Amino acid sequence: MFTNVTKHASTLSIAVSLLLLGVTYSAAEARNGFDLSNAAIPVEEIHSGGPPKDGIPAIDRPRFVSADGAHFLKDKDRVIGVLRNGVVKAYPIAILNWHEIVNDRFSGESVVVSFCPLCGTGLAFSTQGREARTFGVSGLLYNSDLLLYDRETESLWSQISAHAVTGKLKGERLNVIPIAHTSWSAWRQRHPQTEVLSRQTGYSRDYDRDPYAGYETSDGIFFPVKHIDRRYHPKERVVGVEIDGHYKVYPFAELSKARGEVIDKVATKRLRIVFDADNQSATILSDQGKPFPSLTGFWFAWMAFHPESEVYIAK
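Rules behind the numbers
Residues numbered from 1 in each chain as written. Predicted model: local features only at pLDDT ≥ 70, side-chain atom pairs only at ≥ 80, totals over all residues. Heavy atoms only, no water. 1 Å grid on protein atoms, 1.4 Å probe; cavity = no way out; pocket = protein on both sides within 12 Å on 5 of 7 lines; lining within 4 Å. Points joined across faces, edges and corners; volume = space filled by probe spheres on them. Helix = DSSP H or I, 4+ residues; strand = E, 2+ residues; numbered from the N terminus. Pairing = 2+ DSSP bridges. Axes fitted to C-alpha atoms, helices over the stretch in contact; angles between N-to-C directions. Phe/Tyr/Trp six-rings, centres within 6.5 Å; stacked < 30°, edge-to-face > 60°. Buried < 20%, exposed > 50% of the residue type's maximum accessible area, 1.4 Å probe, protein only. Lys NZ or Arg CZ within 6 Å of the ring centre and 35° of its normal.

**Some words on the layout of surface pockets**
Part 1 of the argument: Estimates place the volume of the largest pocket at around 580 Å³.
Part 2 of the argument: As for the largest pocket, its lining consists of 28 residues, of which Arg78, Ile93, Ala94, Asn97 and Asp210 are closest to the centre.
Part 3 of the argument: Taken together, the elements giving at least two residues each to the lining of the largest pocket come down to helix H2 (93–99) and strand S20 (295–298).
Part 4 of the argument: Counting residues per element, the lining of the largest pocket draws most heavily on H2, which supplies four residues.

**Thoughts on the sheet that holds strand S13 (residues 180–183)**
Part 1 of the argument: One open sheet accounts for five strands, arranged S2-S14-S4-S3-S13; its pairing is mixed. Every interior strand has two partners, whereas the edge strands, strand S2 (64–66) and S13, have only one. With direction set aside, neighbouring strand axes in the sheet form an average angle of 35 degrees.
Part 2 of the argument: Across four bridges, the pairing between strand S3 (residues 78–84) and S13 is antiparallel. What sits directly across from arginine 78, in S13, is serine 183.

**A closer look at the packing of aromatic side chains**
Part 1 of the argument: Tallied over the entire structure, the rule returns 11 aromatic pairs.
Part 2 of the argument: Taking the centre distance of 5.9 Å and the plane angle of 85 degrees together, the rings of phenylalanine 64 and tyrosine 91 count as edge-to-face. Here phenylalanine 64 is found in strand S2, whereas its partner tyrosine 91 is found in strand S4 (residues 87–92), with 27 residues between them in sequence.
Part 3 of the argument: Centroid distance phenylalanine 135 to tryptophan 157: 5.9 Å. Interplanar angle 75 degrees. Geometry classified as edge-to-face. One end of the pair, phenylalanine 135, is in strand S8 (residues 135–142); the other, tryptophan 157, is in strand S10 (residues 156–158), with 22 residues separating them in the sequence.
Part 4 of the argument: The class for phenylalanine 135 is buried, based on a relative accessible area of 0%.
Part 5 of the argument: Taken together, the ring pairs in this structure connect Tyr215, Phe222, Phe298 and Phe300 into an aromatic cluster.
Part 6 of the argument: Between lysine 89 and the ring centre of phenylalanine 106, over which it is positioned, the NZ or CZ distance is 4.7 Å.

Right under this line is the structure:
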């Protein structure tokens, strides 16, 4: 399936590295200075994505503009939306493509917003605990997914599994908080008071240029993954949920047949999955109608981490 895109994938991978870094890959960057001696995952499955540690710079001092001031956004542009502690913010994917991590605060609560362009996955975590943590981009990947690192202990964290996989904090879990992964027009209509991450990031990047152009529609997966399931296009967008160790995923291709809403039960929880075909987004709600933590991303990425996952099929 992937042989026809090998040349394209290789070229695009090199271009991404050059755009983000201005340097080429070398074997010396393979572990990027991180100690993997106590890794909870096979060391041979941790790959360098090209950039060195912090070669993709996280945003540590985010600036925001009002919705009316976000003239750089078009209606169909993708955003990660977060509503937390009465504060509403939108993070454009066009900016996250170049930075992957934003260390932010919501009424005093430390929150890290993350996006992996290779997996199409946006996740936000509350890092407010005994010790608030800030995160950077390691330049390493597991199952083609971003490995974050916390600056306090330099432990590596898997974005999709939300667990520390190396270092002092190995085995600890981040607190996933609900987000929306949708279009700018949909988020703004729902939250007209939203703030928007500014392009004044402190870094010189061309946010009008997509360094991953063509990737989302191609069959190619640039880096090895442990499990490949060929039932859907690798980049089919899905929303997945985990409850008490039980995983279920809802491909958008199936949700599109369900006329906007699915009532389902996963483990012990009754859920409502609301699909917005126009804005290519899905929200999972609890019995009480509150957003439930979930993951929107590519099919291949969800199945790489959760090959045992139940798959929703429209009737």
